[in-house]
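Per-entry structural report
Single-letter residue listing:
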Amino acid sequence: MTRRLKAAFAVPLVGAVAVAIGVSLSPDTTVASSAAQTVPTPESVFGFAPCTDYKLANYTQISSYFQKLDNTSDRLKLINAGKTSEGRDQIMAIVSAPENLTPGNLEKYRGIADRLAHARGLTDDQARQLASQGKAVAWIDFGIHATEVGPPQTAPQFAYDLVTSDSAEAKSIRKNVITLFVPNVNPDGGESVPDWYMKYVGTQYQDSSYPELYQKYAGHDDNRDWFMFNLPETKNLGNVLWHQWYPQLVYNTHQTAAYPARIFLPPFKDPMNPNIPPEVARGINLLGDAMTQRLDREGKTGAVSRQQYDQWWNGGLRSAPAFHNQVGILSETSHASATPVFEDPAKFPKTFPYQGVSTSEPSAFYPSPYKGGWWHLSDSCGYIESTGWEYLHTADTDRENWLYGAYRMGKQAIDAGGDNAYIIPSDQADFATATKMVNVLRQADVEVEQAQSAFTAGGKTYPAGSFIVREAQPFRADVVDLMNPQTYPDRRNPDGSPEAPYDMAGWTLPYQMGVKVEKVEKSFLVNAKPVDTAAVPAFRMPATTPGYAYALDPRVNDSYTAAMQLLKAGETVTRTTSAVQTDQGTWPAGTFLVGVRAGADTRIKAQAKQLGLTVAAVASAPANAVSVGAPRIGLYHGWGGNSDEGWTRYVLEGFKFPYTQVHDDQVRAGALRDSYDVIVLPDASYNSMLRGLAAGSHPATYTGGMTQAGVDNLKAFVQAGGTLVTVNDAAQLPIRGFSGFPITDVTANVPSTSYYSPGSILATDVDTGTPLTWGLPDKLDAYSDGSPAFSVNAGASGVTTPVTYPASNILRSGWLLGESLIAGKTAVADVKYGAGQVALLGISVQHRAEAHGTYKLLFNSLFLGAEK
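Here's what I pulled together on the structure shown here. Since this is a predicted model, take the numbers as computed values, not measurements.

Notes on the overall build of the protein chain
Each helix and strand in the protein chain was counted, giving 23 helices and 39 strands. Relative to the compact-globule value of 29 Å for 868 residues, the protein chain shows a C-alpha radius of gyration of 28 Å, a close match. Taken along the three principal axes of its C-alpha coordinates, the protein chain extends 85 × 65 × 50 Å. The buried share among the 868 residues of the protein chain stands at 61%. With an accessible surface of roughly 30200 Å², the protein chain has 50% of that area assigned to carbon and sulfur atoms.

Spelled out as structure tokens, the structure:
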């Protein structure tokens, strides 16, 4: 990770350590003041004013404009935060008074923010002194969701105004605030979406949606990655937020508001996550109310609060800061299009979705209803900039309280942690994945230690190398939230249906990642060192050449990576069908065996060293094994952008499984068995796969779906010996589309009052002896998002059900209604069909690249098509 290192968690005093804030894009010299220069307007660079009807500037244009601002103003410093998924530079501007932006002062103010955020070792008086000396650090970002075009189009004009305005308000903001200004959180989408619109503007497809994911892997889920840090963009900006600047305030701009409101701003609706500090919740409400009042004072009506968005989930750019003692807010402004629209009040819905609030009559959280009329993108941009000014004004006028509040919350967190600690034992089977979890925590600046020798805690002895995460740390809220199960409140709509959470209801990180963690509530002694970035575990190779084969442990996710790389190198790989004796003990069914031949040891050692694997020796041939080849994998890709498909690509690439995207036209054409051993259907509804984008909505290349012909061709693919893998709801395709398919989804057409699993973690029981489940434990936590549950039809044959729900106590984290409906039912089924088979993975096995604990279900299913 690119970040500042800390010694023993001690945060250096201001000025004690000089650190790089980023890669400067401008020379490290002082230039003349902005007032004496000609700072270009966005219009002079783009050839049109930002937010003009039928015009969108792309990221290349916008980043070029910020470079010009950097070159002409001493009130703005541009940095390169890192590379995006597609290799673009991700820029961020730091805006403040020229005297604040000198290298020495910039480091001084960054250091104060850092020191206060970490709190440890300061007295209240020292913290107040630092707060009086510091500058408020306020983050504002644009463009995280590329189809929400208003925010990134606002960014250039707002930056120009913030840099050049000589109003008393602007001068005071520049004097007292360090503004971290991110023109586009998603630069790649900021290029493709405007390009798509401008390509088709003036045609019948002018207002068509971009037909692909606007972030390479995540699409809309790029705002779902802020506790996991999978994406380069999240890592880049996470470093700024939680390893460099520690802003007290974070403002994340979005579109769109609940119709017909013109903008949503906090206060949020309930529920509120109990781990969020009260001071954060109050700060959120204060900022939101200040912003909406400014809008009304400027005659900008139609601001609504307490709709859509709650404060439960930890994982978005506005929500993760709350668990770091930062006041994080978002806005959602109406009309995400450069095409103007007439808003006819006669067509407005009578009420908003939440609590039946009237859209036409004033109410506590909608006191100035929008009355309709023509609406332009420039109107949306005006609302966004107005809220930005009020946000920075509030940062300015309450500067010392924001700074001191960061300290106070950090100190309270340390005091509240007591002796509680979470131990991650180093002797668990997949310690490599445990190490990855530690690095997820470290990316969020959670303090982690690693034992240098064995120690005893809670009456149990743990080996050297085990990790320790203590609650007594400034970001305790993040620790408690990620390491423990969530209990989502049972909230109902007036009709008795469940009130949907904004996003996930449960996300407990050890459960999702399949990592063993033990909580200890009493103090203990340990010789430990702080962890910056956890190294892969120490690798181990047999001391001598094995008598028969080298062995890779199937309980370790990264063993699958090694197996794929060794197959690519031409090694002979088999898998045992029962437990096998190795020089490291008995390993389970599914153990990978790599044949002994010249050079194999060197290639295996290279993989073991890179991945941190223990390689064992097998002295003689096992009684039963199957040969393994590299499967020819097809990954179904329907047009319109499917985040689950993108995350599947991310996981496959990360674990070195080559694949080919299979588009609708190829599925319709047939002869799929000629090209593929395995076809994966990511989570999607049957109708979306069947029908795709509607005819006439997009150019013909992108419309039509796979059609019934495609369903028939997938059926023929399986009957001819292929393996079809379905993830979560994609199981509906073979269930509904393959004649005689012997499986029923017991949750189909069941109302939400009787079955509801809104992004939660459920318990399952595993038969570990089947090829689908090799390497898994017998108790497995699985992520369920409205997931199906299966029963086998009477008289069926050729069906195995290796993963089932227990009879009771199914919910592990989140919210579940209708436990009795799925109790004892099947979560994963393997169905023989013709000469092939269908692996129904009825859970989100690779959910957002968080669910490492269930990855092996996907990996094993891929090998089904290549095992002989």
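Once the structure has been displayed, the description carries forward.
Section: the packing of helix H5 (residues 150-164) against helix H10 (residues 377-397)
Contact pair H5 / H10: the axes reach a minimum separation of 9 Å and the direction vectors enclose 50°. The angle between H5 and H10 falls in the class oblique. In the packing of H5 onto H10, the handedness of the crossing is right-handed. For the pair H5 and H10, the contacting residues are Gly150, Pro151, Gln153, Thr154, Gln157, Phe158, Asp161 and Leu162 in the first and Leu377, Cys381, Ile384, Glu385, Gly388, Trp389 and Leu392 in the second. Looking at side-chain class alone, the contact of H5 with H10 contains eight nonpolar, five polar and two charged residues.

Things to note about the sheet that holds strand E26 (residues 615-618)
Strand order across the open sheet formed by five strands is E26-E21-E25-E22-E27, with antiparallel pairing between neighbours. Of all strands in the sheet, those bounded by a partner on one side alone are E26 and strand E27 (625-628). Ignoring strand direction, the axes of neighbouring strands in this sheet form an average angle of 35°. Where strand E22 (residues 573-576) lies against strand E25 (residues 592-595), three bridges are found, and the strand directions are antiparallel. Residue pairing in the sheet places Arg575 in a bridge with Phe592 of E25.

Things to note about the sheet that holds strand E15 (residues 449-451)
Reading across from one edge, E19-E14-E18-E15-E20 is the order of the five strands in this open sheet, with antiparallel pairing throughout. At either margin of the open sheet sits one strand with a lone partner, and together these are strand E19 (518-520) and strand E20 (528-530). The average angle at which neighbouring strand axes cross in this sheet is 30°, direction not considered. Strand direction decides the pairing type here: strand E14 (residues 421-424) and strand E18 (residues 467-470), joined by four bridges, are antiparallel. Each bridged residue has a counterpart across the sheet, and for Tyr422 the counterpart in E18 is Val469.

Examining the packing of aromatic side chains
Two aromatic rings, taken as a pair, are described by how far apart their centres are and by the angle between their planes. Taken as a whole and assessed by the stated rule, the structure comprises 47 aromatic pairs. Ring centres of Phe229 and Trp242 lie 6.0 Å apart, and the angle between their planes is 80°; on these two criteria the pair is classed as edge-to-face. Here the residue Phe229 occupies a position in the loop between helix H7 (187-200) and helix H8 (232-244), and Trp242 occupies one in helix H8, the gap between them amounting to 13 residues. For Phe229, a relative accessible area of 4% translates into the label buried. The buried category is assigned to Trp242, whose relative accessible area is 0%.

Quick word on the environment of Ile743
Summarising the element assignment, Ile743 is placed in strand E32 (residues 743-745). Taking the relative accessible area as the measure of exposure, Ile743 reaches 3% and is therefore buried. Each C-alpha atom of the pair Ile743 and Ser791 lies 5.9 Å from the other, and the pair is 48 residues apart in sequence.

A look at the state of the cysteines
Under the defined criterion, the tally for this structure stands at one disulfide. There is a disulfide in this structure between Cys51 and Cys381, and the S-S distance comes to 2.0 Å. Where Cys51 bonds to Cys381 through sulfur, the torsion about that S-S bond is close to -95°, and the disulfide is left-handed. One end of the pair, Cys51, is in the loop between helix H1 (42-46) and helix H2 (59-72); the other, Cys381, is in helix H10, with 330 residues separating them in the sequence. For the residue pair Cys51 and Cys381, the accessibility class agrees, reading buried in each case.

Things to note about the side chain of Asn184
Locating Asn184 in the fold gives a position in the loop between strand E5 (177-182) and H7. In this structure Asn184 comes out as buried when scored by relative accessible area, which is 2%. A distance of 2.8 Å separates a polar atom in the side chain of Asn184 from the backbone nitrogen of Asn186. Asn184 has contacts with Tyr59, Gln90, Phe142, Gly143, Pro152 and Gly190, leaving out every residue within four places of it along the chain.

Here we look at the side chain of Thr179
Among the structural elements, Thr179 can be located in strand E5. With relative accessibility at 1%, the residue Thr179 sits in the buried group. In contact with Thr179, other than residues within four places in its own chain, are Ala93, Ile94, Val95, Ala138, Ile140, Leu162 and Leu392.

As for the pattern of salt bridges
Inspection of every chain in the model, using the stated rule, returns 38 salt bridges. With a closest N to O distance of 2.8 Å, Arg224 and Asp503 form a salt bridge. Here Arg224 is found in the loop between H7 and H8, whereas its partner Asp503 is found in the loop between helix H13 (476-483) and helix H14 (509-513), with 279 residues between them in sequence. Accessibility expressed as a relative area gives 7% for Arg224, which makes it buried. The class of Asp503 is buried, set by a relative accessible area of 14%. Connected through salt bridges with shared partners, the residues Glu169, Arg294, Glu298, Lys300 and Glu390 form a single ionic network.

Quick word on unusual backbone geometry
In this chain, Gln255 is followed by Thr256 through a cis amide linkage whose omega measures 10°. Following Asp270, the chain continues to Pro271 via a peptide bond in cis, the omega torsion being 5°. Position of Pro271 relative to the elements: it lies in strand E8 (residues 269-272). The residue Tyr54 is not glycine, and still its phi comes out positive at about 65°. By the secondary structure assignment, Tyr54 is in the loop between H1 and H2.

Quick notes on the environment of Asn325
Looking at the secondary structure, you find Asn325 in the loop between strand E10 (310-311) and strand E11 (327-333). Here Asn325 falls in the buried class, since its relative accessible area comes to 6%. Along the primary structure Asn325 and Arg408 are separated by 83 residues, whereas in three dimensions their C-alpha atoms are 9.2 Å apart. If we ignore the near neighbours within four places in the chain, the residues touching Asn325 are Pro277, Val280, Met409, Gly410, Pro474 and Phe475. There is a polar contact of 2.9 Å between the side chain of Asn325 and the backbone oxygen of Pro474.

Some remarks on H5
An α-helical segment advances 3.6 residues per turn. Residues three or four places apart therefore align on the same side. The terminal C-alpha atoms of H5 lie 22 Å apart, and with 15 residues this matches the ideal 21 Å at 1.5 Å per residue to within 8%. The largest bend along H5 reaches roughly 30° and is located at Pro156. Taken across its 15 residues, H5 has 13 buried, putting it largely inside the fold.

Considering the nonpolar core
Ile94, Leu116, Trp139, Leu180, Trp226 and Leu509 are the most contacted members of the largest nonpolar core, which totals 72 residues. With six residues, helix H12 (residues 431-443) is the single largest residue contributor to this core. Apart from the residues lying within four places of it in its own chain, the contact partners of Trp139 are Met92, Leu180, Val182, Leu237, Val240, Leu241, Pro247, Leu249, Val250, Tyr251, Leu317 and Tyr391. By size, the runner-up hydrophobic cluster in this structure holds 65 residues, among which are Val177, Leu287, Ala303 and Ile329.

A look at the pairing of strand E4 (residues 136-141)
Burial within E4 is extensive, with six of its six residues counted as buried. As judged from the six bridges shared by E4 and E5, these two strands associate in the parallel manner. Directly across from Asp141, in E5, lies its bridge partner Val182. Inspection of the sheet shows E4 paired to strand E6 (residues 249-254) by four bridges, in the parallel sense. In the sheet register, Asp141 faces E6, and the bridge partner there is Asn252.

Scoring rules and cut-offs
Residues numbered from 1 in each chain as written. Predicted model: local features only at pLDDT ≥ 70, side-chain atom pairs only at ≥ 80, totals over all residues. Heavy atoms only, no water. Helix = DSSP H or I, 4+ residues; strand = E, 2+ residues; numbered from the N terminus. Rg over C-alpha atoms; globule rule 2.2 N^0.38 Å. Buried < 20%, exposed > 50% of the residue type's maximum accessible area, 1.4 Å probe, protein only. Areas by Shrake-Rupley, 256 points an atom, 1.4 Å probe, with all protein chains shown as cover. Axes fitted to C-alpha atoms, helices over the stretch in contact; angles between N-to-C directions. Parallel < 35°, antiparallel > 145°, perpendicular 65-115°, else oblique. Left-handed = near helix turned anticlockwise from the far one by under 90°. Contact = heavy atoms within 4.5 Å. Nonpolar A, V, L, I, M, F, W, Y, C, P; charged D, E, K, R; others polar. Pairing = 2+ DSSP bridges. Phe/Tyr/Trp six-rings, centres within 6.5 Å; stacked < 30°, edge-to-face > 60°. Disulfide = S-S within 2.5 Å. Polar contact = N/O pair within 3.5 Å; in protein donor to acceptor, adjacent residues only side chain to side chain. Salt bridge = Lys/Arg side-chain N within 4 Å of Asp/Glu carboxyl O. Expected span 1.5 Å × (residues − 1). Bend = angle between axes of the 7 residues up to and from the residue. Core = buried A, V, L, I, M, F, W, Y, C linked by side-chain atoms within 4.5 Å.

By themselves, these figures tell us nothing about what the structure is for.
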